[in-house]
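# Coordinate inspection notes
For reference, the chains in residue letters:
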Amino acid sequence: MEFSWGSGQESRRLLLLLLLLATWEAGNGQLHYSVSEEAKHGTFVGRIAQDLGLELAELVPRLFRVASKGRGDLLEVNLQNGILFVNSRIDREELCGRSSECSIHLEVIVDGPLQVFHVDVEVRDINDNPPVFPATQKNLSIAESRPLDSRFPLEGASDADIGENALLTYRLSPNEYFSLEKPSDDELVKGLGLILWKSLDREEAPEIFLVLTATDGGKPELTGTIQLLITVLDANDNAPAFDRTLYKVRLPENVPNGTLVIKLNASDLDEGLNGDIVYSFSNDVSPNVKSKFHIDPITGQIIVKGYIDFEESKSYEIIVEGIDKGQLPLSGHCRVIVEVEDNNDHVPDLEFKSLSLPIREDAPLGTVIALISVSDKDMGVNGLVTCSLTSHVPFKLVSTFKNYYSLVLDSALDRENVSAYELVVTARDGGSPSLWATASVSVEVADVNDNAPAFAQPEYTVFVKENNPPGCHIFTVSARDADAQENALVSYSLVERRVGERALSSYVSVHAESGKVYALQPLDHEELELLQFQVSARDAGVPSLGSNVTLQVFVLDENDNAPALLAPRAGGIGSVNELVPWSVGAGHVVAKVRAVDADSGYNAWLSYELQPGTGGTRIPFRVGLYTGEISTTRVLDEADAPRHRLLVLVKDHGKPALTATATVLVSLVESGQAPKASSRALSGAVGPEAALVDVNVYLIIAICAVSSLLVLTLLLYTALRCSAPPTEGACAPGKPTLVCSSAVGSWSYSQQRRPRVCSGEGPPKTDLMAFSPSLPDSRDREDQLQTTEESFAKPRQPNPDWRYSASLRAGMHSSVHLEEAGILRAGPGGPDQQWPTVSSATPEPEAGEVSPPVGAGVNSNSWTFKYGPGNPKQSGPGELPDKFIIPGSPAIISIRQEPTNNQIDKSDFITFGKKEETKKKKKKKKGNKTQEKKEKGNSTTDNSDQ
């Protein structure tokens, strides 16, 4: 006899399920292949690279790889031809058990850019497993009194294959007592059994041997057999009977041991021992069931004695026997199906499939950093997992596929602000209460060269003494770069330019790594006062970034130039010979020693001293301490030697002081022997006498005018102060006027601010006024000169108000040099007043430069000037400059000079101020009259020099 295990309805159901599965997979865009189980190594599965649209040449560079969770290395891909092949033995029953669907899920991952493909390889079943019975022999005890059509259940065979290969048909060996029962359509009830269709007779046949054969539907067919040994018993003709043949129970997982599953109840119509029933598990029950459950033999209660896990087994089938205690025991059977209910007892599982770290700080938005796989062994809502990310980070999670998330860049990165992020990914299921798991990943931000080196300040000022040793360190520049590693390695270099006729690199150099600036050669203040250049700092990034800083190197002067004597006339060098008449009076200027010093400041401030004569004799001559003019101290008499050798020591004020010596030979002659000298002296005596009268007249007029103007101003000021309402800070008294007098004149320096309520004429101005002294007659002149000589015997302490800083010198673009001084005659026979000659201040090194000596006192009347080689114009003796600058003040000195024979000698009145245009307008009004006076003045000056 043969019976088919499956049916037409089951075939249609399986076909519909396969169609639905194929439709769902096509909608998800996955690749599907199929391969038979037990295929040999190297069996072709599919051209996976071609089907995924990948080029063969990019498989290796893009790190083509295949991952299969928990499947080992069953399948591999040949990277040379992109073919998916069988790598090791595939056993469908081992992979999927009795499941109708069996496939290997592959994850294909490629980088650059990161892509993930999902491939399903269906494992086709082959008929490689024969039907297997639980045992090779089954013993049955049947009473001879059993009625016909009695049923005796049998445990059917199982086939590990599926589909047609698992459709079993049974065949019973030929006999006259039993037939094989047709199986039921209910899949949960295995209806295989024996039907008694002929009464048993123990005396005729105490034992019956049968063979039950199971045949599957595969090609070729495989079979399995079991030996049935039937023992015919006597008496006890009522077997126990259960209330139902099938019980279904729902049991939550993780229940504690001792939990009651079900209480079974069976009844026996017999009496006595034949009616007492003992419950037990059938011998066909698997050991796994026996390890999980226990049945009470008396009460029939089934209780839990092992760990029940839904993920391990979703249901259990238990066959229970009820056997009576008759001499010939009879049994009844039932089936208990225990369905396990899922609880949320598994924490989600997080796994980072791929990491692309570190990430560049200039990475575009949307860059994939990591691929995260999540899973949960629970089912239903308990297995639905959602992921979240740490808040306030520039990243986000994007769901790319079922149970897959991509960690992508959501906002711009800046490594200089945050160099690394500690991200925490949290996976939470949908159970109640929900369970969660976390995974941490450190995302390091790779540096990009986006910051240029920066200096602490855009400009540095450096002071270096001249005559420095070659290669000395003068300054160190330092720039910081906010980047990291090679992007922060800063190198320094000079921004090359020309300094005059030479390259900048011949003066200074900079160390590329330390930023130290070195002077390559000794610097000379007289040649170069200010060296301004730029140092460039560049990093080692690609592309390189850089910035510049400006260095202003001021070369400070040292006293390295001795005074140099100037020839008194063209072609004259060495000693000077002068003829002096015996008849000259006291204060007569015999000669003038001229010297210059290439240094500046104190180092260029010169003083003149007359060395004492030999033999201790007193000579009737003296030299001006700062003018260098040699004049008589008294009237000459016959006791004086006819020849005098005068040694004039010219000394600067440097430390140590440098000197030069001039020799002047003075010969005393009669007036007739020096006609030219006499005539010149006569004209020089008459001219100054007349000039003195003119000067006094003009001086009186000027004083009266200024006094009247002052009184008028005071009256107007008082009226305004009395009429205007008092305001705090208005009409505040100005600073007191400083007046300093010396042998050659008086200097008046005042700095006053006009109150706002008193005047509206623009900004306040600063005035410096100089007046020449009123000249005494020739009789008192000698005493005055002696007093002056004593006053100049010791130089006064320099006024610190005249200190001249290097920054101010740079701003004025001028230097301090003494070149040549003019002589302003005060009157006949009077002391000469020395005025500096100067050209306009200009920033070019070739033009003339001007400034007072550093540290010079106001009373010293000593100003130093220099003409550059590019400005050949130099004032001669007696000429005055148009203008020069007062150190420490924005004022410009303007000097107006008139000839000596004019009624008012304008050279004795000098105004220092900012309103130079007003003075120019006044000069224009003089017209031709001023021109004539200048011509006469020049002739007088020439006579005086001779």
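Residues numbered from 1 in each chain as written. Predicted model: local features only at pLDDT ≥ 70, side-chain atom pairs only at ≥ 80, totals over all residues. Heavy atoms only, no water.

Looking at an unreviewed UniProt entry, the protein chain carries the name Protocadherin alpha subfamily C, 2, with the source organism given as Mandrillus leucophaeus. Turning to the protein chain, the UniProt annotation filed under Subcellular location (unreviewed entry) states: "Cell membrane". (UniProt positions renumbered as here; feature names shortened; annotations may be inferred.)

A separate point is unusual backbone geometry. The omega torsion of the bond from leucine 357 to proline 358 falls at -5°, within 30 degrees of zero and hence cis. Relative to the helices and strands, proline 358 is located in the loop between β24 (349-355) and β25 (359-360). In this model, valine 542 is joined to proline 543 through a cis peptide bond whose omega is 0°. Position of proline 543 relative to the elements: it lies in the loop between β41 (530-539) and β42 (546-556). (Helix = DSSP H or I, 4+ residues; strand = E, 2+ residues; numbered from the N terminus.)

Within this structure, the stated rule accounts for nine aromatic pairs. Ring centres 5.6 Å apart and planes at 25° place the aromatic pair phenylalanine 463 and phenylalanine 554 in the stacked group. Remark: phenylalanine 554 occurs in strand β42 and phenylalanine 463 occurs in strand β33 (residues 459-465); sequence separation between them is 91 residues. Phenylalanine 463 sits in the partly exposed class, given a relative accessible area of 45%. Note on phenylalanine 554: relative accessible area 7%, which makes it buried. Pairwise contacts between aromatic rings join Tyr602, Trp605 and Tyr626 into one cluster. (Phe/Tyr/Trp six-rings, centres within 6.5 Å; stacked < 30°, edge-to-face > 60°. Buried < 20%, exposed > 50% of the residue type's maximum accessible area, 1.4 Å probe, protein only.)

Another aspect to go through is the environment of arginine 618. With respect to the secondary-structure elements, arginine 618 resides in the loop between β47 (606-610) and β48 (621-623). Exposure remark for arginine 618: the relative accessible area of 67% places this residue in the exposed category. The spatial distance from the C-alpha of arginine 618 to the C-alpha of aspartate 640 is 9.0 Å, given a sequence separation of 22 residues.

Glancing now at the side chain of aspartate 481. Following the sequence through the fold, aspartate 481 ends up in the loop between β35 (479-480) and β36 (490-494). For the buried aspartate 481, no salt bridge exists, and the shortest N-O distance to an oppositely charged side chain is 7.0 Å, to arginine 415. Within the structure, the side chain of aspartate 481 is placed 2.9 Å from the backbone nitrogen of aspartate 483, a separation counted as a polar contact. (Lys, Arg positive; Asp, Glu negative; His and termini not counted. Salt bridge = Lys/Arg side-chain N within 4 Å of Asp/Glu carboxyl O. Polar contact = N/O pair within 3.5 Å; in protein donor to acceptor, adjacent residues only side chain to side chain.)

The next subject is the state of the cysteines. Inspection of the entire model under this criterion finds one disulfide. The disulfide partner of cysteine 96 is cysteine 102, and the gap between their sulfur atoms is 1.9 Å. Handedness here is read from the sign of the S-S torsion; for cysteine 96 and cysteine 102, about 70°, the answer is right-handed. Comparing cysteine 96 with cysteine 102 shows no difference in burial state: the two are buried. (Disulfide = S-S within 2.5 Å.)

The subject of this paragraph is the pairing of strand β50 (residues 643-652). Bridging between β47 and β50 involves five bridges; their strand directions are antiparallel. Across the sheet, residue leucine 610 finds its bridge partner in β50, namely valine 648. Pairing analysis gives nine bridges linking β50 to strand β51 (residues 659-669), with the strands arranged antiparallel. The residue of β51 that forms the bridge with valine 650 is alanine 660. Here β50 hands over to β51 after six residues, the two strands then running antiparallel side by side. (Pairing = 2+ DSSP bridges.)

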